[in-house]
Amino acid sequence: DRWGGALHELNDWCAWRRARDEAVAGGLDDLIGRFERGDLQRGQLSDAFERSFGEKWFSAVANAVPAIRQFSAADHARAIERFRLIDRAVIDRTRQVVARTLRDSAPATSAPVSSRSEMGILRRELEKKRRHLPTRRLIELMPNLLPTLKPCLLMSPLSIAQYLDTKLPPFDLVVFDEASQIPVWDSIGAIARGANVIVVGDSKQLPPTNFFNTLDDGDEAGFEDVAVDDMESILQECNACNVPALPLRWHYRSRHESLIAFSNHHYYQNRLLTFPSPVERSTELGVMLRHVPDGVYDRGGSRTNRIEAQRVADEVVRMLGEPGANGSIGIVTFNQAQQSLLEDLLDARRRELPQIERFFTNEVAEPVFVKNLENVQGDERDSIIFSVGYGPDQTGRPSMNFGPLNQDGGERRLNVAVTRSRRRLLVFSSLRADQIDLRRTQALGVRHFRTFLDYADRGPRAIAEAVEASGVREFASGFEKAVWQALVERGWEVDTQVGCAGYRIDLAVRDPDRPGRYLLGIECDGAAYHSARTARDRDRLRQSVLEGLGWRIERIWSTQWRINAERCLAGIEQALERARQAAAADVTADAVPAVGQQSNPHGEVLDHPEPAGPLPEHDIPPREASPPLYASGPPSQPAEPSPGRSVQAPQPYVLAKSPGARLARMDIHEESVERAAVAALVSLVEVEGPIVEELAMRQLTTWFGDLRLTDRLRKRLSEIQAAALATGEVQRHDGVLWSADTTPDMYTAFRIPGDDPRTRRDVEDIPLVERVNAVVHTLNQQFGLPRDELMREVARLFGAQRLTQRVGAAIEAA
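As a starting point, this report considers the structure included with it. (Residues numbered from 1 in each chain as written. Predicted model: local features only at pLDDT ≥ 70, side-chain atom pairs only at ≥ 80, totals over all residues. Heavy atoms only, no water.)

### Section: the sheet that holds strand β11 (residues 553-556)
Note the cut-off: Strand pairing follows a simple DSSP-based rule, namely that at least 2 bridges must link the two strands. Helix and strand assignments follow DSSP, with helices taken as H or I runs no shorter than four residues and strands as E runs no shorter than two, numbered in order from the N terminus. A fitted line through C-alpha atoms serves as each axis, taken over the contacting stretch for helices, and the angle formed by two N-to-C directions is quoted from 0 to 180°. Between two residues, a contact is recorded if the distance between any of their heavy atoms is within 4.5 Å.
Read from one edge to the other, the open sheet built from four strands follows the order β8-β9-β10-β11, with strand pairing classed as mixed. With one partner strand each, in any of the chains shown, β8 (494-498) and β11 form the two edges of the open sheet. Taken over all neighbouring pairs, the strand axes of this sheet differ in orientation by 30 degrees on average, direction set aside. Where β8 and strand β9 (residues 505-510) come together, four bridges link them in antiparallel fashion. Residue Val-494 lies in a different strand from β9, and its bridge partner there is Val-509. Set on the sheet, helix α21 (residues 535-548) makes contact with β9, β10 (518-524) and β11; between it and β11 the angle comes to about 145 degrees.

What follows is the structure in structure tokens.
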């Protein structure tokens, strides 16, 4: 009956049977059986297959990889922590090694030197009260000493041309900083003085300009009327010539991502790796607009905005007067006139309030500065106050002339101005973004300035069409989604991919007690983790930067999650509870670092080192106190720098003791005396070696009764010497006798006369190797001196009173 009523489905039934038989033949009989029994519905077949196949595939692959099969989250965490400790210790030890190397290479300050040597010239100049040598001449006279005392010179291109003669030895490395502001013709001379060159700069910042030259020439037309003529820089030239380039993408200065998000979007195509802050918006962090609605720009007169300048001065005084104020402040203006006005207003406030005077002097590490767009590049402060100045004039109509912003390259000046802050950027403006009419100008700098004002007012929404806001539900992997879903089911509010650009935090749990702040960041071992090229970036620096910004970070490993997801979640919830208690206990706030902190170029926070623990003794040697670079006296055992070899300090010549009267009573010519004579020669060479043959013969004749050195005696002494050489107890090299355990290539000493007059040797009696070592020692001590003066210094070491022709010839050979 069923067949008869379903003949129209026979074709479908046959198709099903064919598909079923193929699936069973492929090993899916269990899946098909569950479907036929009704345990699985048709819509569940695909997911069930994917799940079961994925489980088997994962097990097969994971079991074949020891790192996954043997993975332990606890062991891996311990390995990461140990690596962090050792990595920091290596960096610290490197500093010590460099300092020690510099200290050891410094000359001994108490050793006597020739007045014509490089050390002597420098000492004489240090003792002078007046009539010093010109700097260029002094540097010319110290080509060896100067690189030893100062291996790194910090100079401008003009100083290099002024003080360094082209005949001086080249530097190993020339580094240009802020290369975008160095014209090509200023840099060529410096490049020619080095064997290698590194050019460091940002092509999105200020190029060389003749702006101040124009003003210096007496042009009183005003800041905004001057045509800024940008020139080609050495950085542009290197880019045009395809010099190999290395982009530096980590942005470590800003303590809040909003400080760099605008420039990252407009000028760096979001390629900068930036780090999100655990605080979305705060009065102490980020970019804020302070609108001055009653501000008036005196366009036809002083070209200043006095009301806005007074508000800026009031804000500076307020910030400096806050209890425990220790954050540095910088003020940036659009033009020189506004800069001068602010300087005058602040000078008046300093006279009225002496307690703030120290913030403008070198009593603090970073004094308050007031600069304009053209000269602020390279500076940074905790808080930057940006005084726009431009605004509606006396008639209430704003001008579209914003000085250099209207010129080509004006956007670079804006980029420089808005990226000087580490913690906070306050924008004082009498203009709002909607008052800038882009129909009246085509300048890119003005268009960007309008966007920036909008950004300062509304935040990331102003550039939201290109920069995704935090908290969007997107996941880098299914693993992240599973963790997110598990935490959300437990009642936590979790954002994903937190950050504007660059480096993002996978998951961030919001603090239910303090809106606008994150309680915990969660990192999953996904794309962001394995994309790092080095273990230092992956396991230390990134987390160090985030913790320095105030984040509490926990990590979940995917392998551990698969083995025991509940245990991972329990660990996360414990971390959340600890973070909640810590946040509640810290009334003043925050997990955000104190004002005044900075980061180093590696992205590490200087005032927040990671917690250190004891290191295994076999991994890191005991720490030593860093020695001063230049001690007031010579080091206890100086490791001397040398041009070609290292030699020991001079030692007094030691005379061998005579065997006594018994030897003097013997007849040296008798055969029976030969053994005693050989023993005497061996003992003489062991004490006084290396010793020239002639001096050894004379010494031996005194031991045998002060014999006269006749031809017959010389022949007998040669026989005794040959017998000693035959035993191997004495060696002979180029007319010099050596003990058996010493060779010329190992010998680094030389001996000078002692208190006993007999220890003074004639110059011909001094082995050549000792004379060579004395020359090297003198150069090591004095670094460079005229050839004739070098010969005199070596002669003095060996006790010669005058540099006779004979003495000079012996030292000349050395």
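### So, the packing of aromatic side chains
Any two aromatic rings considered together are summarised by their centre-to-centre distance and by the angle between their planes. As a reminder, the rule being used: Two aromatic rings, drawn from Phe, Tyr or Trp (for Trp, its six-membered ring), form a pair once their centres lie within 6.5 Å of each other, and the interplanar angle then sorts them: stacked below 30 degrees, edge-to-face above 60, tilted otherwise.
Following the criterion strictly, the structure yields 17 aromatic pairs and no others. Note on Phe-49 and Phe-53: the rings are 5.7 Å apart at their centroids and 25 degrees apart in plane angle, and the pair reads as stacked. With Phe-49 and Phe-53 both in helix α4 (residues 45-64) and four residues apart, this pair spans about one turn of that helix. For the ring pair Phe-262 and Tyr-267, a centre distance of 6.3 Å and an interplane angle of 75 degrees mean the geometry is edge-to-face. An aromatic cluster of at least three residues, connected via ring pairs, comprises Phe-262, Tyr-267, Tyr-297, Phe-334, Phe-386, Tyr-390, Phe-402, Phe-449, Phe-452 and Tyr-455.

### Looking at the packing of helix α15 (residues 306-321) against helix α16 (residues 336-352)
The test is simple: Throughout, the term roughly parallel applies to angles under 35 degrees, roughly antiparallel to angles over 145, roughly perpendicular to angles from 65 to 115, and oblique to all others. Crossing handedness: left-handed means the near helix sits turned counterclockwise from the far one by under a right angle, and right-handed means the same turn made clockwise.
Axis separation between α15 and α16 bottoms out at 10 Å; the angle between their running directions is 45 degrees. As summarised for this structure, α15 and α16 are arranged oblique, according to the angle between their axes. Both α15 and α16 take part in a crossing whose hand is right-handed. Together, Arg-306, Glu-308, Ala-309, Gln-310, Val-312, Ala-313, Asp-314, Val-316 and Val-317 of α15 and Gln-338, Leu-341, Leu-342, Leu-345, Leu-346 and Arg-349 of α16 make up the contact between the two elements.

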